[in-house]
Amino acid sequence: MPNNADLIALLSSVARSARLGDFRDAASSANCALGALESLPAKLTYEPRTKFLYALETLMLMQQQQDWVGYADVVEYELIPIVKKYG
């Protein structure tokens, strides 16, 4: 399991790959990051947990719609701040 700094770097890589159109690398990195994120909700209080779960739902929607810029935005502006603050 990566430490907080490694997880943030991994999430940044996901966002960068999605923005550059490297969807295979984005998906691979996202898969690694999601495994590391699974313990995070237990550390969160109600409000940040709600934001975290909503961000994950939005990522699923963005992926289904193949909106990779939106996907990268959610990672950068929703997930990374939560990990920085609570991870």
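In what follows, the accompanying structure is described. (Residues numbered from 1 in each chain as written. Predicted model: local features only at pLDDT ≥ 70, side-chain atom pairs only at ≥ 80, totals over all residues. Heavy atoms only, no water.)

Things to note about the packing of aromatic side chains
Condition: What counts as a ring pair is set by centres within 6.5 Å for rings of Phe, Tyr and Trp (its six-membered ring), and what kind of pair is set by the plane angle: stacked under 30 degrees, edge-to-face over 60, tilted for all other angles. The helix count covers DSSP runs of H or I at least four residues long, the strand count covers runs of E at least two residues long, and both are numbered beginning at the N terminus. For the exposure calls, accessible area comes from a 1.4 Å probe over protein chains only, and a residue counts as buried if that area is under 20% of its type's maximum, exposed if over 50%, partly exposed in between.
Taken as a whole, this structure holds two aromatic pairs when the rule is applied. Look at Phe-23 and Trp-68: their rings are 4.8 Å apart centre to centre, the planes differ by 25°, and that puts the pair in the stacked class. Of the two residues, Phe-23 is situated in helix H2 (residues 23-37) and Trp-68 in helix H4 (residues 68-86); the sequence distance between them amounts to 45 residues. For Phe-23, a relative accessible area of 36% puts it in the partly exposed group. Taken together, the ring pairs in this structure connect Phe-23, Trp-68 and Tyr-71 into an aromatic cluster.

Looking at helix H1 (residues 4-20)
What counts, and what does not: Expected helix span is given by 1.5 Å per residue-to-residue step, counting one fewer step than there are residues. Any two residues having at least one pair of non-hydrogen atoms within 4.5 Å are treated as being in contact. Think of a polar contact as two N or O atoms within 3.5 Å of one another; within protein, one of them needs to be a possible hydrogen donor and the other a possible acceptor, and neighboring residues in sequence only count if both atoms come from side chains.
Relative to the 24 Å expected for 17 residues at 1.5 Å per residue, H1 spans 24 Å between its end C-alpha atoms, a close match to the ideal helical length. Among the residues of H1, those classed as buried are Leu-7, Ile-8, Leu-11, Ser-13, Val-14, Ala-15, Ser-17 and Ala-18. Contact partners of the buried residues in H1: H2 and H4. Between the side-chain oxygen of the N-cap and the backbone nitrogen of Ala-5 there are 3.1 Å, and the N-cap of H1 in question is Asn-3. A positive phi of about 85° marks Gly-21, the residue just after H1.

Description of the pattern of salt bridges
Heads up, the rule is: Salt bridge, as used here, is a side-chain nitrogen of Lys or Arg placed within 4 Å of a carboxyl oxygen of Asp or Glu.
Counted according to the given criterion, the structure contains three salt bridges. In this structure, the salt-bridge partner of Arg-19 is Glu-76, at a minimum N-O distance of 2.7 Å. Of the two residues, Arg-19 sits in helix H1 while Glu-76 sits in helix H4, which places them 57 residues apart along the sequence. Between Lys-51 and Glu-47 there is a salt bridge whose closest N-O contact spans 3.6 Å. Of this pair, Lys-51 and Glu-47 both sit in helix H3 (residues 46-64), four residues apart, which is roughly one turn of the helix. Salt bridges here are not isolated pairs; linked through shared partners, they connect Arg-19, Asp-73 and Glu-76.

Points about H3
Which entries qualify depends on this criterion: The arc in question is the one spanned by the directions pointing from the helix axis to the C-beta atoms.
Here H3 is 19 residues long and its end C-alpha atoms lie 27 Å apart, about the 27 Å a rise of 1.5 Å per residue gives. Those residues of H3 lying buried are Pro-48, Phe-52, Ala-55, Thr-58, Leu-59 and Met-62. Buried residues in H3, looked at end-on, bunch into an arc of 125°, giving them a common side. Residues of H3 that are exposed and angled more than 90 degrees away from the buried face: Tyr-46, Tyr-54, Glu-57, Met-60 and Gln-64. Looking at the packing, one finds that the buried side of H3 touches H2 and H4. Among the residues trailing H3, Gln-66 stands out with phi positive, at a value near 55°.

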